[in-house]
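Residue-level structural notes
In case you want the letters, here they are:
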Amino acid sequence: MSIPQIDTAKVSIVQDFKEITKMRLALSVVFSSLAGYLLGVETISWQTLSLLAIGGYFMVGASNAFNQIIERDLDALMDRTKNRPIPSGRMSVSTAFIIASVFTILGITVLYSINPKTAMFGAISIFFYVSLYTPLKTKTPLSVFVGAIPGAIPFMLGWVAATNEFGIEPGTLFMIQFFWQFPHFWAIGWFLYDDYKKGGFFMLPTGKRDKGTAVQVLVYTLWTVVTSLIPAFGVTGSLYITPVSALLILLLGVFLLKYAIKLYKIRDAKTAKQLMLASVSYITLLQIIYVADKFLRTWI
């Protein structure tokens, strides 16, 4: 009996597609938008949920593909990016551009079929990420601030998709994920500092792995936790969490602050990576708690 042969060419194409769209990152962004949708919706429409997931992936995939086209020469200089499809020569710039352009058109079209506001915010996200954040990364540490805007849109986008409205509720979701971006990306910038330096990227607020950067990481971590608790006080419209959920969020915040304080004290790459992983756990569990809180209240 012959053993089926794996078509390595097809495997390579699939892998390159996953890399040019940054599939893991795209799926995490889609997760945030779905969480926002579930928070805002009264009756779940599985069709809308599916369109949001598909359209969201298209938009994030397009942003990532455009980003890799623009940064292809710099990616070739860094260890973590030199094997990406374009700098490695496995994918041409024209192919990547076609993927990015088609994904942009499809993404806006799919999101527009939900409602125009959702498509508008999706388009704003691509514009900020590609036209502002990407070129600023080699010029100023303020690029992280600019990049935090499209990075914070998905959580908010889900609510807009559910309600076709923008108000205090999606604004609060935006602010939670906005502040979260800073400790998350500064932690990445810290433990990948040497590699980023090869590409000429300025990711840390002071430009160095120093006490000043550690202080800002700590401050923005604190702001992230505080903002996450605001819905417990009944001041954010229909977006509300119970005291029990607020306590869980607070415990998550203490967990996150623990690593921010540790980075302030130790200031090494290992601790920065621990903070980055803790930040991913924080935002994921926060979104799960928010959604669980809403539906448990509804059922009970």
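Above this text is the structure in question.
Keep in mind the model is a prediction, meaning the values are calculated, not measured.

Details of unusual backbone geometry
- At Asn-164, a residue that is not glycine, the phi angle is positive and equals roughly 60 degrees.
- Looking at the element boundaries, Asn-164 is found in the loop between α7 (143–163) and α8 (168–191).

Regarding the environment of Ser-92
- Tracing the sequence through the fold places Ser-92 in the loop between α4 (72–75) and α5 (93–114).
- At a separation of 3.1 Å, a polar atom in the side chain of Ser-92 contacts the side chain of Ser-94.
- At 2.8 Å, the side chain of Ser-92 forms a polar contact with the side chain of Thr-95.

Considerations on α5
- Between its first and last C-alpha, α5 extends 32 Å over 22 residues, near the 32 Å set by a 1.5 Å rise per residue.
- Considered for burial, the residues of α5 that qualify are Ala-96, Ile-99, Ala-100, Phe-103, Thr-104, Gly-107, Val-110, Leu-111 and Ile-114. One side of α5 holds all its buried residues, which, seen down the axis, span an arc of 150 degrees. Facing away from the buried surface of α5 by more than 90 degrees, the exposed residues are Ile-98, Ile-105 and Tyr-112.

With respect to the environment of Val-225
- For Val-225, the position within the fold is in helix α10 (residues 211–229).
- The exposure class assigned to Val-225 is buried, which follows from its relative accessible area of 5%.
- In this structure, Val-225 is in contact with Gly-253, Leu-257 and Tyr-282, ignoring residues within four places of it in sequence.

The rules behind each value
- Residues numbered from 1 in each chain as written.
- Predicted model: local features only at pLDDT ≥ 70, side-chain atom pairs only at ≥ 80, totals over all residues.
- Heavy atoms only, no water.
- Helix = DSSP H or I, 4+ residues; strand = E, 2+ residues; numbered from the N terminus.
- Polar contact = N/O pair within 3.5 Å; in protein donor to acceptor, adjacent residues only side chain to side chain.
- Expected span 1.5 Å × (residues − 1).
- Buried < 20%, exposed > 50% of the residue type's maximum accessible area, 1.4 Å probe, protein only.
- Arc of directions from axis to C-beta.
- Contact = heavy atoms within 4.5 Å.

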